[in-house]
Amino acid sequence: QVQLVESGGGLVQPGGSLRLSCAASGSFVSIPGMGWYRQAPGKQRELVATESNGASTAYADSVKGRFTISRDNAKNTVSLQMNSLKPEDTAVYYCNARAWVRGSLIVSWGQGTQVTVSS
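Here is a short report on the structure shown in this document. Here the residue numbers are simple positions, counted from 1 along each chain's written sequence. Where local features are concerned, this predicted model is filtered to residues with pLDDT of at least 70; where side-chain atom pairs are given and counted, the filter is 80 or more; whole-chain, interface and lining totals use all residues. In computing side-chain properties, one takes all heavy atoms of the structure into account and sets aside hydrogens as well as water.

### Focus: the side chain of R38
A helix here means a DSSP run of H or I that spans at least four residues, while a strand means a run of E at least two residues long, and both kinds are numbered starting from the N terminus. Relative to the elements of secondary structure, R38 occurs in strand β4 (residues 30-39). A polar side-chain atom of R38 sits 2.9 Å from a polar atom in the side chain of D89. Distance and chemistry together define a polar contact, namely a pair of N or O atoms within 3.5 Å, with one atom able to donate a hydrogen and the other to accept it when in protein, and with adjacent residues in sequence counting only for side-chain atoms on both sides. Looking at R38, its side chain comes within polar contact range of the side chain of Y93, at 2.9 Å. We call two residues in contact when some of their heavy atoms are within 4.5 Å. Once residues within four sequence positions are removed from consideration, R38 is found in contact with Q44, R45, E46, V48, S62, V63, F67, E88, D89, A91, V92 and Y93.

Set out below in structure tokens:
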């Protein structure tokens, strides 16, 4: 199906920045959309940002104006630029992809990368 590998997580002080990247590989026909979700301890996984067909984007209100999602020209990677980070952004961030595989639209998830915002 689709293999997703995230990178870029780590520890950063409030107000700092991090850039997460996710590389997709596999036997998919195409990947119409990719996105980022996050899950903090004791909370449900929530949408952070998504993109569709390398064009349209959507953001959670809590990150709008601070985070930027982007897709590379080959449409096989997605990045999340996170600026002005807050302690509330601390969570495990997961890469997500919707891909056409053998006539079916398959949703895939990465293993997750920890982002910790703390002084």
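### A short note on the pattern of salt bridges
For this analysis, a salt bridge means a side-chain nitrogen from Lys or Arg found within 4 Å of a carboxyl oxygen belonging to Asp or Glu. What the rule picks out here adds up to five salt bridges. Across the pair E51 and R71 runs a salt bridge, and its minimum N-O distance is 2.5 Å. Taken together, the residues span a long stretch of sequence, with E51 in strand β5 (residues 46-52) and R71 in strand β7 (residues 67-71) at a distance of 20 residues. For E51, a relative accessible area of 5% corresponds to the buried category. Exposed residues in this analysis have more than 50% of their type's maximum accessible area, buried residues have under 20%, and partly exposed residues fall in between, with area computed by a 1.4 Å probe over protein chains only. Among the residues examined, R71 registers a relative accessible area of 14% and is labelled buried. Measuring nitrogen to oxygen at the nearest pair gives 3.4 Å for the salt bridge that ties D61 to K64. Both residues of the pair, D61 and K64, count as exposed. Three or more residues joined by partner-sharing salt bridges are found here, namely R38, E46, R66 and D89.

### Remarks on the sheet that holds strand β3 (residues 18-26)
Here the rule is simple: two strands pair whenever DSSP picks up at least two bridges between them. Ordered in space as β1-β3-β8-β7, the four strands form an open sheet in which the pairing is antiparallel. Edge positions in the sheet fall to β1 (2-7) and β7, since each has one partner strand and no second. Along the sheet, successive strands turn relative to each other by an average axial angle of 15°, direction set aside. Pairing analysis gives six bridges linking β1 to β3, with the strands arranged antiparallel. Looking at the pairing, Q3 lines up with S25 of β3. In this description, a line fitted to the C-alpha atoms serves as the axis of each element, helices being fitted only across the stretch in contact, and the angle between N-to-C directions of two axes falls anywhere from 0 to 180 degrees.

### Considering the packing of aromatic side chains
Classification of ring pairs rests on two measures: the distance between centres of Phe, Tyr or Trp rings, Trp counted by its six-membered ring, which must be within 6.5 Å, and the angle between planes, read as stacked under 30 degrees, edge-to-face over 60 and tilted in between. Applying the stated criterion across every chain yields a total of one aromatic pair. For a lysine, the NZ atom is tested; for an arginine, the CZ atom; a charge sits over a ring if that atom is within 6 Å of the ring centre and within 35 degrees of the ring normal. Positioned above the aromatic ring of Y94, the side-chain terminus of R45 is 3.7 Å from the ring centre. The side chain of R45 reaches across the aromatic face of W109, ending 4.7 Å from its centre.

### Concerning the environment of C95
Structurally, the position occupied by C95 is in strand β9 (residues 91-101). On the basis of relative accessibility, which here comes to 0%, the residue C95 falls in the buried class. Residues C95 and C22, spaced 73 residues apart in sequence, show a C-alpha to C-alpha distance of 6.3 Å.

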